[in-house]
Amino acid sequence: MLSRALLLGSVMALGLAATAFAQVERREVGQLVFEGAPPLPDAVAEAIAPYYEVRSAVFEDWLADGSMLIATRFGQTEQIHHVARPLAARTQLTFFDEPITVATAQPGAARFAYRRDEGGSEYYQGFLRDLQGHEVRLTKPGTRNSDFVFSKDGARVAWSQVTPGDPNYDIMIAPAADPEGRRVVLEGEGAMSPLEISADGRRMLLTRYNSIADVELFVLDIASGELTRLGPQDRKVHYAGAAFGPGGNTVVTLSDDGSEVTRPVVFDLATGAMRELESGAKWGAEGFDLTPDGKTIAYVVNEEGYSKVVLRDVATGRELAGPHLPKGVLTALKFSPDGARLGLSLSTYNASGDVWSYELASRTLTRWTDSELGGLDPSTLVEPSLFRYETFDGRSIPAFVYKPQGASGKLPVVIQIHGGPEGQELPSFSARRQAWVNELGAAVIIPNVRGSSGYGKTYLSLDNAEKREDSVKDIGALLDWVEQQPDLDSSRVAVVGQSYGGYMALAVAAHYNPRLVGVIDLYGISDFATFLENTEGYRRDLRRAEYGDERDPAMRAVFEKIAPINMSERMRKPMMIYQGANDPRVPQSESEQMVAKLREQGTEVWYVLARDEGHGVHKKANQEQVRATEVQFLKKVLGLGAE
């Protein structure tokens with residue numbers, strides 16, 4: 001059991017009034033601690049449970065024999081499964097309390113690399129595991145590891161490693177047959193990670209992520225350690241992924257250099273010349289893969305949130321026949337070891353997510369999984385509509401709206417704001433949004449305010465540093481739009497946000513409190529200065545590049561001005577706050593200092609702490625409780641007869 005002293009420890013350490021919690025009802029359900037939230041009615045819990053029985057399948061990789069690794073859930077968390085052939089049984093391969101959602105197959109072997117943390121801490125350890133469950137640890141305890149990449153022959157594996165408090169990632173390499181033989185191949189600077197090892201095993205493609213607008217690309221000579229940067233060095237460029245072309249003389253990548261959006265390009269390693277494969281691209285490419293012979297590229301284009309798969313001949317740039325997919329959002333794609341098929345997974349508004357293969361020669365699309373909707377009737381699931389609204393400076397802001405089927409009268413409204421801030425709300429399956437529509441009878445709006453990805457690099461940069469609150473004004477303009485709609489009730493609007501979206505929800509609560517009935521903040525930033533001081537060391541410099549540097553007096557003054565906690569006196573409407581105790585990104589102190597301040601001034605707060613979660617709510621039992629509590633809170637503030 002969690003002692004009261006432990007629950008209040010971070011609040012007291014911050015010098016806040018611990019007495020703010022003293023008269024608030026506290027209870028525990030499993031690993032969740034509820035403060036100020038009433039017990040959950042059985043009717044609400046029963047209504048919400050089916051939405052979290054829904055399963056999905058995400059393609060992870062091809063094994064050497066042409067079978068697949070996928071991520072799906074049959075228990076409390078997602079785990080890695082094996083599917084031998086289309087629509088065959090999903091055979092579970094990993095069995096852990098923590099979710100396992102990333103797996104990379106070892107070429108030529110029935111084995112894969114995966115990463116695992118504890119309690120959502122994100123200090124991942126890497127393991128090599130076969131289909132019978134035999135595994136060996138790949139990485140050094142006490143380090144954080146990710147981005148596992150095998151050599152083409154499967155003999156070696158590379159990855160990135162960082163230690164607590166260190167912003168610099170090292171590049172590691174080890175024999176797959178002898179993980180204890182791991183060594184540092186490059187003492188990295190910044191957030192570096194491996195992308196691919198050349199066919200001859202002598203070179204490695206690396207990336208360094210400085211910010212969403214500044215991603216560098218390098219070629220590493222593995223033997224000498226010599227590092228060669230690709231592309232222009234006099235300006236910031238965003239690169240996404242990279243692979244060696246045929247013969248290893250070129251590099252294929254996605255780049256936004258000279259363009260508003262990322263599109264596939266080819267670098268000649270001898271001359272440094274860059275050649276576009278899709279000139280004049282209107283929408284950005286987000287991920288790609290090459291056939292093993294390097295002759296064909298498949299990439300995903302994001303068109304207003306919907307995914308399109310494009311295939312091209314790398315030598316000529318000529319577009320090839322590609323798969324015709326249902327209208328939705330792609331979650332993965334990769335060519336099979338023989339290059340004959342493309343594996344992919346897709347989520348739509350009424351299908352939680354399934355895995356497919358596309359055969360290039362016959363142009364045949366084959367379904368590999370058929371995921372269950374947990375008893376939900378797909379005909380009751382609502383397709384969102386895309387719309388745009390004008391904001392304070394005349395810009396057009398894209399958003400999706402979900403509305404209940406057959407509804408009449410003015411609808412209450414729930415606005416959900418994404419995190420990132422470089423994220424993007426997408427029209428993929430969402431148990432949460434469908435539950436809000438069907439169980440609350442609410443219209444649900446998901447805007448992509450300035451700073452969102454998917455709309456070009458100019459739009460992406462519009463909320464940087466001192467322009468942070470311009471994105472908050474975009475929500476103010478959305479509230480104006482709601483007022484103008486004959487079927488929406490502007491007197492019943494609630495706002496929900498998580499992570500950076502949690503900051504947005506808090507900021508909206510401060511600036512537009514009279515126009516709201518309630519706010520849900522999930523692991524949101526309440527003060528940028530304290531957030532940057534307390535977030536994990538390996539992330540701090542990356543976040544400073546986006547938000548600004550709290551060590552700069554001028555920027556700190558901006559943070560003082562825009563910090564939601566410094567505007568708490570304006571927040572008088574009820575609020576629900578959720579936090580994972582092990583969150584390395586937005587630490588627990590960000591939520592607890594907000595809770596304490598609000599309670600001290602008399603604002604009603606429902607506070608939920610998950611002792612076994614990090615950044616998010618990933619375990620099924622926690623999801624059901626937290627999401628049902630959100631619905632109960634929304635019922636109350638929207639005036640829907642909370643039970």
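Here's what I pulled together on the structure shown here. (Residues numbered from 1 in each chain as written. Predicted model: local features only at pLDDT ≥ 70, side-chain atom pairs only at ≥ 80, totals over all residues. Heavy atoms only, no water.)

1. What to know about the overall build of the protein chain
Next, step 1: When helices and strands are counted, the protein chain shows 11 helices and 38 strands.
Next, step 2: Taking 26 Å as the expected radius of gyration for a compact globule of 643 residues, we find that the protein chain reaches 24 Å, a close match to that expectation.
Next, step 3: For the protein chain, the C-alpha atoms occupy an extent of roughly 65 × 50 × 50 Å along the three principal directions.
Next, step 4: For the protein chain, the proportion of its 643 residues judged to be buried stands at 60%. (Helix = DSSP H or I, 4+ residues; strand = E, 2+ residues; numbered from the N terminus. Rg over C-alpha atoms; globule rule 2.2 N^0.38 Å. Buried < 20%, exposed > 50% of the residue type's maximum accessible area, 1.4 Å probe, protein only.)

2. Remarks on the packing of helix 5 (residues 470-483) against helix 6 (residues 500-511)
Each pair of packed helices gets described by two things: the angle between the helix axes and the distance between those axes.
Next, step 1: Remark: helix 5 packs on helix 6, axes separated minimally by 10 Å, with the N-to-C direction vectors making an angle of 65 degrees. Pair helix 5 / helix 6 crosses with right-handed handedness. Contacts from S471, V472 and I475 in helix 5 reach Y500, Y503, M504, A507, V508 and H511 in helix 6.
Next, step 2: Residues that form the contact of helix 5 with helix 6 fall into these classes: 7 nonpolar, 2 polar and no charged. (Axes fitted to C-alpha atoms, helices over the stretch in contact; angles between N-to-C directions. Left-handed = near helix turned anticlockwise from the far one by under 90°. Contact = heavy atoms within 4.5 Å. Nonpolar A, V, L, I, M, F, W, Y, C, P; charged D, E, K, R; others polar.)

3. Quick look at empty space enclosed by the protein
Next, step 1: The tally for this structure, following the rule as stated, stands at 1 cavity of 30 Å³ or more.
Next, step 2: Empty space within the largest cavity amounts to approximately 30 Å³.
Next, step 3: Taken together, V215, E216, R229, L230, P232, R235, V237 and Y239 make up the full set of residues lining the largest cavity.
Next, step 4: Of the residues belonging to the lining of the largest cavity, the class tally is 5 nonpolar, no polar and 3 charged. (1 Å grid on protein atoms, 1.4 Å probe; cavity = no way out; pocket = protein on both sides within 12 Å on 5 of 7 lines; lining within 4 Å. Points joined across faces, edges and corners; volume = space filled by probe spheres on them.)

4. Examining the environment of A431
Next, step 1: Looking at the element boundaries, A431 is found in helix 3 (residues 431-440).
Next, step 2: In this structure A431 comes out as buried when scored by relative accessible area, which is 12%.
Next, step 3: Spatially, the C-alpha atoms of A431 and N350 are 9.7 Å apart, while their sequence positions differ by 81 residues.

5. Concerning the layout of surface pockets
Next, step 1: Quantified by volume, the second largest pocket comes out at close to 190 Å³.
Next, step 2: If you go around the second largest pocket, you meet 15 residues; those closest to its centre are K308, V309, P323, H324 and L325.
Next, step 3: Broken down by secondary-structure element, the contributors of at least two residues to the lining of the second largest pocket are strand 25 (306-313) and strand 26 (319-320).
Next, step 4: In terms of residue count, the dominant contributor to the lining of the second largest pocket is strand 25 (6 residues).
Next, step 5: Considered class by class, the residues forming the lining of the second largest pocket number 8 nonpolar, 4 polar and 3 charged.

6. Brief notes about helix 9 (residues 553-562)
Next, step 1: When helix 9 is considered as a whole, its buried residues turn out to be M555, F559 and I562. Down the axis, helix 9 shows its buried residues gathered within 75 degrees of arc, on one side only. Seen from the buried face of helix 9, the exposed residues on the opposite side, beyond 90 degrees, are P553, A554 and K561.
Next, step 2: Considering only its buried residues, helix 9 is in contact with helix 6, helix 7 (528-534) and helix 8 (537-547). (Arc of directions from axis to C-beta.)

7. Thoughts on the sheet that holds strand 9 (residues 125-130)
Next, step 1: Taken together, 4 strands build an open sheet; the order of strands is 7-8-9-10 and the sheet is antiparallel. Each having just a single partner strand, strand 7 (103-105) and strand 10 (135-137) make up the two edges of the open sheet. Averaged over all neighbouring strand pairs, the angle between strand axes comes to 25 degrees, with direction disregarded.
Next, step 2: Alignment of strand 8 (residues 111-116) against strand 9, held across 6 bridges, turns out to be antiparallel. By the bridge assignment, F112 is partnered in strand 9 with R129. (Pairing = 2+ DSSP bridges.)

8. Focus on helix 5
Next, step 1: Helix length check: helix 5 (14 residues) gives 20 Å between terminal C-alpha atoms against 20 Å at 1.5 Å per residue, within 8%.
Next, step 2: Summarising burial for helix 5: 11 of the 14 residues are buried, a large majority.
Next, step 3: Among the residues of helix 5, those classed as buried are D470, S471, V472, D474, I475, G476, A477, L478, L479, W481 and V482.
Next, step 4: Buried residues along helix 5 sit against strand 31 (385-390), strand 32 (396-402), strand 33 (411-417), strand 34 (443-447), strand 35 (488-498) and helix 6. (Expected span 1.5 Å × (residues − 1).)

9. A closer look at the nonpolar core
Next, step 1: Ranked by size, the top nonpolar core spans 75 residues in total, and within it Y389, I415, I445 and Y503 carry the most contacts.
Next, step 2: Here this core takes 9 residues from helix 6, the largest share from any one element.
Next, step 3: Leaving out residues up to four positions away in the same chain, I445 has contacts with F387, A399, F400, V401, V413, V414, I415, Q416, L478, W481, V482 and L488. (Core = buried A, V, L, I, M, F, W, Y, C linked by side-chain atoms within 4.5 Å.)

10. A closer look at the packing of helix 3 against helix 11 (residues 620-637)
Next, step 1: Contact pair helix 3 / helix 11: the axes reach a minimum separation of 11 Å and the direction vectors enclose 40 degrees. The orientation of helix 3 relative to helix 11 falls into the category oblique. At the point where helix 3 passes helix 11, the crossing takes the right-handed sense. Here R432, W436, E439 and L440 of helix 3 lie close against helix 11, whose contacting residues are R627, E630, V631, L634 and K635.
Next, step 2: Considered class by class, the residues forming the contact of helix 3 with helix 11 number 4 nonpolar, no polar and 5 charged. (Parallel < 35°, antiparallel > 145°, perpendicular 65-115°, else oblique.)

11. Comments concerning the pattern of salt bridges
Side chains bearing opposite charge may pair, as long as their charged atoms lie close to each other.
Next, step 1: Using the criterion set out here, one finds 44 salt bridges in the structure.
Next, step 2: In this structure, R367 and D354 form a salt bridge, with 2.8 Å as the shortest nitrogen-oxygen distance. A residue pair is termed long-range when its members are at least 10 positions apart, and R367 in strand 30 (residues 364-367) and D354 in strand 29 (residues 351-359) qualify at 13 residues.
Next, step 3: Its relative accessible area of 30% is what places R367 among the partly exposed residues.
Next, step 4: Residue D354 is classed as buried on the basis of its relative accessible area of 4%.
Next, step 5: Residues R492 and D489 are paired through a salt bridge, measuring 2.9 Å at the closest nitrogen-oxygen approach. (Salt bridge = Lys/Arg side-chain N within 4 Å of Asp/Glu carboxyl O.)

12. Points about the packing of aromatic side chains
Next, step 1: Going through the model one piece at a time under the given rule, you end up with 21 aromatic pairs.
Next, step 2: Between F531 and Y547, the aromatic rings sit 5.9 Å apart at their centres with planes inclined by 75 degrees, giving edge-to-face as the arrangement. Highlighted residues: F531 in helix 7 and Y547 in helix 8, separated in sequence by 16 residues.
Next, step 3: We classify F531 as buried; its relative accessible area is 2%.
Next, step 4: Counting every residue linked through ring pairs, the aromatic cluster contains Y500, Y503, F528, F531, Y547 and F559. (Phe/Tyr/Trp six-rings, centres within 6.5 Å; stacked < 30°, edge-to-face > 60°.)

13. Observations concerning the sheet that holds strand 5 (residues 78-83)
Next, step 1: Strand order in the open sheet made by the 4 strands is 3-4-5-6, with antiparallel pairing throughout. Two strands bound the open sheet, and with one partner strand each, they are strand 3 (57-62) and strand 6 (90-92). Taken pair by pair, the neighbouring strands of this sheet meet at an average axis angle of 40 degrees, ignoring direction.
Next, step 2: Pairing of strand 5 with strand 6, which is carried by 3 bridges, proceeds in the antiparallel orientation. Along strand 6, the bridge assignment pairs H81 with Q92.

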